[in-house]
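# An overview of the molecular structure
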Number of protein chains: 2
Amino acid sequence: SVPLTYAMAVTEPLSMDSLSLADRDEQQKKNEGVSEASPMRLRMEKFIKEQQDHIVKALEELDGAKFRKDEWQRKEGGGGITCCLQDGNVFEKAGVGVSVVYGTLPKPAILKMSANHKNIAPNGEVPDSLEFFAAGLSLIVHPKNPMAPTVHLNYRYFETAKPDGSSGAWWFGGGSDLTPSYLFDEDAIQFHRDLKDVCDKHNKDYYPKFKKWCDEYFYNKHRGECRGIGGIFFDDIDETVSDKENTFAFIQDGLKSFIPTYVPIVLKRKGMPFTEAEKEWQQIRRGKYVEFNLVHDRGTSFGLNTPGARVESILMSMPLTASWRYMHEPQPGSREARLVEVLQNPKEWV
Amino acid sequence: SVPLTYAMAVTEPLSMDSLSLADRDEQQKKNEGVSEASPMRLRMEKFIKEQQDHIVKALEELDGAKFRKDEWQRKEGGGGITCCLQDGNVFEKAGVGVSVVYGTLPKPAILKMSANHKNIAPNGEVPDSLEFFAAGLSLIVHPKNPMAPTVHLNYRYFETAKPDGSSGAWWFGGGSDLTPSYLFDEDAIQFHRDLKDVCDKHNKDYYPKFKKWCDEYFYNKHRGECRGIGGIFFDDIDETVSDKENTFAFIQDGLKSFIPTYVPIVLKRKGMPFTEAEKEWQQIRRGKYVEFNLVHDRGTSFGLNTPGARVESILMSMPLTASWRYMHEPQPGSREARLVEVLQNPKEWV
């Protein structure tokens, strides 16, 4: 099937040019399905949709309540599936979203991206426009019990098409981070150890580099503290770091490790007793989570400023409830104070 | 006292240059007090501090609970007074803040400001730095009862100093807007009529111009709706619009009209019965208020990105509690739906 596509691309350039990348991918999916020989676009889309189903099922099993599932189209090209569970037994809110976007980059965007990705404009020749593809899975889970931590994960793939339809520049990004209201060191250690294991399997440099990147990215600058106790984060792995096949393998391992890492933590915490004051502290921490997402998170602000974006899918990351108390400060020496201290001075957990 | 100051400025330029604007103002306040002949900086500061006391007293009388009062210094120059009432009988949260800032504008900031204010760089000569003064009063009140509307108000004065210490460019800004969860037309009409009366007294063009400006500024772009039912807003009135004395008179009338406008609305609504679903709707509207403030409000993002800013004073605008429900939509034909319709299509109330 690959030789056929290749032959089409080289023998019928004029008719190919009249089909968009999205149309061509749609045709190929219909005619040949998706295999290991398919373009990365189709493999990534297939993989994240499978993982979405898998994660939704696992969280439903844990909670007892069901996710609502919305499929949506983006009129500019592409679409997605948003799954959201609200007011469940274990989870206050859990959102697992997949989006697959086809579009065209205008020249200023290409210029900007070429600063970090030489391959987008080889030999310094910047085209007037370029078709692009972006696909990703994002999830966020806010448990009810203040002893159970919020978690966030995102893995994504981006590529541009060359005029002949073959892949141009490409990169993967993503990561996962944990945000407890009450800190259990054993949870933080387990979360980081699992991520380190995934990283180490692929590259011993990944964990220290991506752990640091995560602490720096999820930094709530105006509060002078990290959003949570971190994890891993990387904006883009491209050919300067590794090859596409090995990076996809790393992304797959990262995403697949989510359920076996997070579910045991929730199982340990979901039934723990808590006071009204501890619930209130969770609500205040949720407020700071909202602040980070709306003020500093580049993904959220990019999304909210994208014409035609599905706002409800972007903002499913918001907690169900949050609180802001003027000048609220934890008691010195309390568990709440220790959390803040760790957020101000990120620790090495493994 | 003015001739003395003037004489000092022209006869002792060298010793004057060694005193900052803040030092000189401090001296003048101590030696001479503040009168109608004082520089606008001192008159504005005095006026907003008096109004802060007045508003705090009036809201305490209405609520029964007391405000907490924090005075703070900004190590870069200036400071403020933040008054906050939390979890009261009538108000979920009420914040009334005054800030008075002395500082120095670097050249890039002067260049940027000179686009809208020629006087900041007369004859196109842009100095390397300029001392500036900024003072303002901001308030936000979130009542508990979902039938009582949230209100926001801000009035501010900005000026730069010429090298000889006299005033350079100046402008006033401000406005006031109402954000109900449940729309009572009579409240919206009264709120707008009172603002129109204040405006009309000074300039018949003000109300229509500033009403429109308010609808445009407090537009929650990613939601496609206004934050509330508006009021008035203006970024800067300078010498191209009116003179300093008349503008100050307008600002004073605007600020003084707050209590007589807002208190009667709260008195009518604070005891009205409401259901749990109506309280929940208020919480969802509060969530959108948070979104506007953190994503779109230039004042908030400017504040949060200012080094040394007092974050708790900026974020006292946050409601005590807020909620986000995925895909929450009001029932067609309901009161909730009518509010959204009005937010999507701002009305002329007077």
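## Description of the overall build of chain A
Across its full length, chain A carries 13 helices and ten strands. In terms of overall dimensions, chain A is globule-like: its C-alpha atoms have a radius of gyration of 21 Å, near the 20 Å expected for 350 residues. Residue pairs in contact within chain A that sit at least 24 positions apart in sequence constitute 70% of those at least 6 positions apart. Accessible surface, chain A as shown: approximately 15400 Å² in total, 53% of it carbon and sulfur. Each charge sign in chain A was given a centre, from 45 positive and 51 negative side chains, and these centres are 3 Å apart.

## Observations concerning the relation of the copies chain B and chain A
Of the transformation placing chain B onto chain A, the axial shift is 0.0 Å and the rotation is 180°, giving an RMSD of 0.0 Å. When the rotation and shift are considered jointly, the pair of chain copies conforms to a two-fold rotation axis. Interface overlap between copies: 100% of the residues of chain B at the interface are likewise at the interface in chain A, consistent with a symmetric, same-surface contact.

## What to know about the sheet that holds strand β5 (residues 150–161) of chain B
All names here are of chain B. Reading across the sheet, the seven strands line up as β1-β2-β3-β4-β5-β6-β9 and stay open at both edges, with antiparallel pairing between neighbours. Of all strands in the sheet, those bounded by a partner on one side alone are β1 (68–73) and β9 (230–237). Neighbour-to-neighbour, the strand axes of the sheet open up by a mean angle of 10°, direction not taken into account. Of the strand pairs in this sheet, β1 and strand β2 (residues 78–86) are connected by six bridges, and their pairing is antiparallel. In the strand pairing of β2, E71 is matched with I81. Each of β4 (129–143), β5, β6 (167–179) and β9 touches helix α8 (residues 244–256); the most contacted strand, β6, lies at about 25° to it.

## Some thoughts on empty space enclosed by the protein
Tallying each qualifying case throughout the model produces twelve cavities of 30 Å³ or more. By volume, the largest cavity is sized at about 110 Å³. Residue lining of the largest cavity: 14 residues in total, with T179(A), R227(A), R285(A), R286(A) and Y289(A) positioned closest to the centre. Going through the elements one at a time, β8 (225–226) and α10 (276–296) of chain A are the ones with two or more residues in the lining of the largest cavity. Taken together, the residues of the lining of the largest cavity break down into three nonpolar, six polar and five charged. The calculated volume of the second largest cavity comes to roughly 100 Å³. Considering the residues around the second largest cavity, the lining is formed by 13 residues, among which R223(A), K288(A), W324(A), R325(A) and E312(B) are closest to the centre. Examining the composition of the lining of the second largest cavity, we find that three residues originate from one element, α10(A), more than from any other. Broken down by class, the residue content of the lining of the second largest cavity amounts to five nonpolar, two polar and six charged.

## What about the side chain of T300(B)?
Here T300(B) lies in helix α11 (residues 298–304). Within the local environment of T300(B), its side chain forms a polar contact with the side chain of D297(B), the two groups lying 2.8 Å apart.

## Brief notes about helix α4 (residues 40–63) of chain B
When the terminal C-alpha atoms of α4(B) are compared, their 34 Å separation across 24 residues agrees well with the 34 Å that a helix rising 1.5 Å per residue should span. Counting buried residues in α4(B) gives 17 out of 24 residues, a clear majority hidden from the surface.

## Quick word on the packing of helix α8 (residues 244–256) of chain A against helix α9 (residues 258–269) of chain A
Residues and elements named next belong to chain A. Interhelical geometry of α8 versus α9 gives an angle of 20° and a closest axis separation of 5 Å. Relative to α9, the element α8 is oriented roughly parallel. Facing α8, whose interface residues are G254, L255 and K256, α9 presents F258, I259 and P260. Partitioned by chemical class, the residues of the contact of α8 with α9 number four nonpolar, one polar and one charged.

## Let's talk about the sheet that holds strand β3 (residues 91–106) of chain A
All names here are of chain A. Judged by pairing direction, the sheet is antiparallel, and its seven strands sit side by side in the order β1-β2-β3-β4-β5-β6-β9 without closing on themselves. If you trace the sheet from one side to the other, it starts and ends with β1 (68–73) and β9 (230–237), each paired once. In this sheet, neighbouring strand axes are inclined to one another by 10° on average, regardless of whether the strands run parallel or antiparallel. Sheet topology note: the strand β6 (residues 167–179)/β9 ladder contains six bridges and is antiparallel. Bridge assignment links D177 to a residue of β9, and that residue is G231.

## Examining the interface of chain B and chain A
Counting residues at the interface gives 31 residues for chain B, matched by 31 residues for chain A. In total, about 3000 Å² of surface goes out of reach between chain B and chain A, with carbon and sulfur atoms giving 56% of it. Inspection of the chain B/chain A interface yields four salt bridges. Note that E312(B) is salt-bridged to R223(A), the shortest N-O span being 2.8 Å. If you list the elements that add at least two residues to the side of chain B that touches chain A, you get β1, β2, α10 (276–296), α12 (311–314) and β10 (321–323) of chain B. Ranked by the residues each element gives to the side of chain B that touches chain A, the list is headed by α10(B), at four residues. Across the side of chain B that touches chain A, the residue classes tally to 15 nonpolar, six polar and ten charged. Relative to β10(B), strand β10 (residues 321–323) of chain A is paired through three bridges, and the arrangement is antiparallel. For T321(A), the partnering residue across the bridge sits in β10(B) and is S323(B).

## Considerations on the confidence of the model for chain A
Residue and element names in this part refer to chain A. Residues at a pLDDT of 70 or more form 95% of chain A, whose mean pLDDT is 92. The low-confidence segment residues 1–16, where pLDDT is below 50, has eleven contacts with residues more than four positions distant or belonging to other chains. Model confidence for the complex is summarised by a pTM of 0.92, with the ipTM given as 0.91.

Scoring rules and cut-offs
Residues numbered from 1 in each chain as written. Chains lettered and ligands numbered in written order. Predicted model: local features only at pLDDT ≥ 70, side-chain atom pairs only at ≥ 80, totals over all residues. Heavy atoms only, no water. Helix = DSSP H or I, 4+ residues; strand = E, 2+ residues; numbered from the N terminus. Rg over C-alpha atoms; globule rule 2.2 N^0.38 Å. Contact = heavy atoms within 4.5 Å. Areas by Shrake-Rupley, 256 points an atom, 1.4 Å probe, with all protein chains shown as cover. Lys, Arg positive; Asp, Glu negative; His and termini not counted. Charge placed at Lys NZ, Arg CZ, Asp CG, Glu CD. Least-squares fit on C-alpha atoms with pLDDT ≥ 70 in both. Pairing = 2+ DSSP bridges. Axes fitted to C-alpha atoms, helices over the stretch in contact; angles between N-to-C directions. 1 Å grid on protein atoms, 1.4 Å probe; cavity = no way out; pocket = protein on both sides within 12 Å on 5 of 7 lines; lining within 4 Å. Points joined across faces, edges and corners; volume = space filled by probe spheres on them. Nonpolar A, V, L, I, M, F, W, Y, C, P; charged D, E, K, R; others polar. Polar contact = N/O pair within 3.5 Å; in protein donor to acceptor, adjacent residues only side chain to side chain. Expected span 1.5 Å × (residues − 1). Buried < 20%, exposed > 50% of the residue type's maximum accessible area, 1.4 Å probe, protein only. Parallel < 35°, antiparallel > 145°, perpendicular 65-115°, else oblique. Buried area = accessible area lost by both parts, 1.4 Å probe. Salt bridge = Lys/Arg side-chain N within 4 Å of Asp/Glu carboxyl O. pLDDT = per-residue confidence, 0-100.

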